[in-house]
Each structure stands twice: as structure tokens, then as C-alpha cells.
Amino acid sequence: MAVRTVLRMGDPLLLQKALPVAAFDTPELHALIEDMQDTMRAMDGAGIAAPQIGVSLQVVIFGVDKNPRYPDAVQVPFTVLINPTLTAVGDEIEDDWEGCLSVPGLRGLVPRYTRLHYKGFDQHGNGIDRLVSGFHARVVQHECDHLNGILYPMRITDLSQFGYTDVLFPGQDIQED
Ligand code: NI
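Now for a quick tour of the structure. Everything numeric in this text was worked out from a predicted model, so none of it was measured.

1. Description of the pairing of strand 6 (residues 115-121)
Piece 1. Going residue by residue along strand 6, you find Leu-116, Tyr-118 and Gly-120 tucked away on one face and Arg-115, His-117, Lys-119 and Phe-121 left uncovered on the opposite face.
Piece 2. Judged from the five bridges that link them, strand 3 (residues 76-88) and strand 6 form a sheet pairing that is antiparallel. What sits directly across from Ile-82, in strand 6, is Phe-121.
Piece 3. The antiparallel pairing of strand 6 with strand 7 (residues 127-133) creates a hairpin that spans five residues between the two strands, and Gly-125 there sits at a positive phi of about 95°.

Structure, rendered in C-alpha cells:
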């Protein structure tokens, strides 16, 4: 168990395509997920992908608790998602603000599919198959982009909507993700 260093934008490892996990329920996989969890919690993130700690495997974790500081924030169940496949449901797209542990201090307005069907496996090899929308769909698209070497700034269509969090949202305590 350890809080690992999160790679920051500019590191070529963040631009690599991650490899699928070949074996579930192994000590190595459980240790990786524990480190990801420790790192995400220490940095107060909503999610993290294995490549962000330098491990080029198709593993993401995410989850957002109900937080009294953010009464409007939607709860997303804590999830370990391995070897994911994502399919947009319909073609509706919505813009919302995103941040990233690999792009500290900044936020940008990112278009994402509103509704999403995602599949994959947990760390024990059990199947995951969910139909989600809104913030949950956004978090999954953001985290799974990391597995394809894509960081959210690469998705921003209007770069005037990209800036420093404390300048964009003065006086607000905004969670990184
Ligand atoms: Ni990120």
C-alpha cells in the first residue's frame, strides 16, 4: 500500500495505449488497485487510471461519495473497472467542467456523451455491465481515455474554456479528478 507519484501532462507514458490485464485476482493486481486507491484518496480525486501512476494496464478506479460540501454532486459508486469497452448510447453530447490529477490546478469544458453503456471486469474477474448517464458517464469516459493515451485537454473544443481552477472558480473548493 502506497501513495504513488502521479505523472503529469508532458510525460510520454500518459500518451501510451495501455495493455489489457491478462490475469485476475492476482496479488500484483490487488496491490496495483490498492496503490491506485491510496493515491486517489490522498489527492482527493474522483478517479484514477493505472497509466497515471506509470503502469500501462487497462485498469481504472473511480467513485464519488455524497459530500455535504457539494450537495449537487451526483454520487458515483466506487468501481474497479478493468479491460473496459465503452459504447455511446445515442448521440447526445453535453459540456461540463473537468479536471485531472495529471493536469493539476486547471479545468476545462469538455464535451462527452451524455449516455453510456460500459462493460468490463472487476479485480476478481466478475463482469460489469452498466448503463449510465450524466456525471457517472463523464467520469468513465475521462478515466478510460487515459487507457488510450488521451488527456482531457485534447478533447476541449473551445480553448477559451480552459484555465486555472482558482481563477475560473474563485473562492470555491473544487475537487480534482
Ligand atoms: Ni484524469
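2. Comments concerning the pairing of strand 3
When a strand is regular, its side chains alternate between the sheet's two faces.
Piece 1. With five bridges connecting them, strand 2 (residues 59-64) and strand 3 associate as antiparallel partners. When the sheet's bridge partners are listed, Val-64 is paired in strand 3 with Val-76.

3. Quick look at the coordination of the nickel ion
Piece 1. For the nickel ion, the full set of protein donor atoms is Cys-100 (SG), His-142 (NE2) and His-146 (NE2), at a range of 2.1 to 2.2 Å.
Piece 2. Mapped onto the sequence, the residues coordinating the nickel ion show the spacing C-x41-H-x3-H. Of this pair, Cys-100 sits in the loop between strand 4 (93-98) and strand 5 (106-113) while His-146 sits in helix 2 (residues 134-146), placing them 46 residues apart in sequence.

4. Regarding helix 1 (residues 27-42)
Piece 1. With 16 residues, helix 1 should reach 22 Å at 1.5 Å per residue; the first-to-last C-alpha distance of 22 Å fits that figure.
Piece 2. Buried residues of helix 1: Leu-29, Leu-32, Ile-33, Asp-35, Met-36, Thr-39 and Met-40, and no others. Taken end-on, helix 1 shows its buried residues confined to a sector of 160°, consistent with a single buried face. Residues of helix 1 that are exposed and point over 90 degrees away from its buried face: Pro-27, Arg-41 and Ala-42.

5. Regarding the environment of Glu-34
Piece 1. Structurally, Glu-34 can be placed in helix 1.
Piece 2. By relative accessible area, which is 36% here, Glu-34 ends up partly exposed.

6. Let's talk about the sheet that holds strand 8 (residues 162-164)
Sheet strands pair by backbone hydrogen bonding; their relative direction is either parallel or antiparallel.
Piece 1. Ordered by their spatial adjacency, three strands build an open sheet running 4-5-8, and the pairing between neighbours is antiparallel. One side of each edge strand has no neighbouring strand; the edge strands of this open sheet are strand 4 and strand 8. Recorded for the sheet is a direction-independent mean angle of 25° between the axes of neighbouring strands.
Piece 2. Pairing between strand 5 and strand 8: three bridges, direction antiparallel. Within strand 8, the residue paired with Gly-108 across the bridge is Phe-162.
Piece 3. Taken strand by strand, helix 2 contacts strand 4 and strand 5, and its axis lies near 105° from that of strand 5.

7. Observations regarding the environment of Phe-24
Piece 1. Here Phe-24 lies in the segment before helix 1.
Piece 2. Expressed as a C-alpha distance, the spacing of Phe-24 and Glu-143, which sit 119 residues apart in the sequence, is 20 Å.
Piece 3. Excluding residues within four positions of it along the chain, Phe-24 makes contact with Leu-29, Ile-82, Asn-83, Phe-121, Asp-122, Gln-123, His-124 and Gly-125.

8. Let's talk about unusual backbone geometry
Piece 1. Positive phi is not limited to glycine here, since Asp-25 has a value of about 60°.
Piece 2. For Asp-44, which is not glycine, the phi dihedral falls at a positive 60°.
Piece 3. With respect to the secondary-structure elements, Asp-44 resides in the loop between helix 1 and strand 1 (47-49).
Piece 4. Residue Asp-44 is classed as partly exposed on the basis of its relative accessible area of 39%.

Thresholds, definitions, all that
- Residues numbered from 1 in each chain as written.
- Predicted model: local features only at pLDDT ≥ 70, side-chain atom pairs only at ≥ 80, totals over all residues.
- Heavy atoms only, no water.
- Buried < 20%, exposed > 50% of the residue type's maximum accessible area, 1.4 Å probe, protein only.
- Helix = DSSP H or I, 4+ residues; strand = E, 2+ residues; numbered from the N terminus.
- Pairing = 2+ DSSP bridges.
- Donors = N, O, S within 2.8 Å, 3.2 Å for Na, K, Ca; no water.
- Expected span 1.5 Å × (residues − 1).
- Arc of directions from axis to C-beta.
- Axes fitted to C-alpha atoms, helices over the stretch in contact; angles between N-to-C directions.
- Contact = heavy atoms within 4.5 Å.

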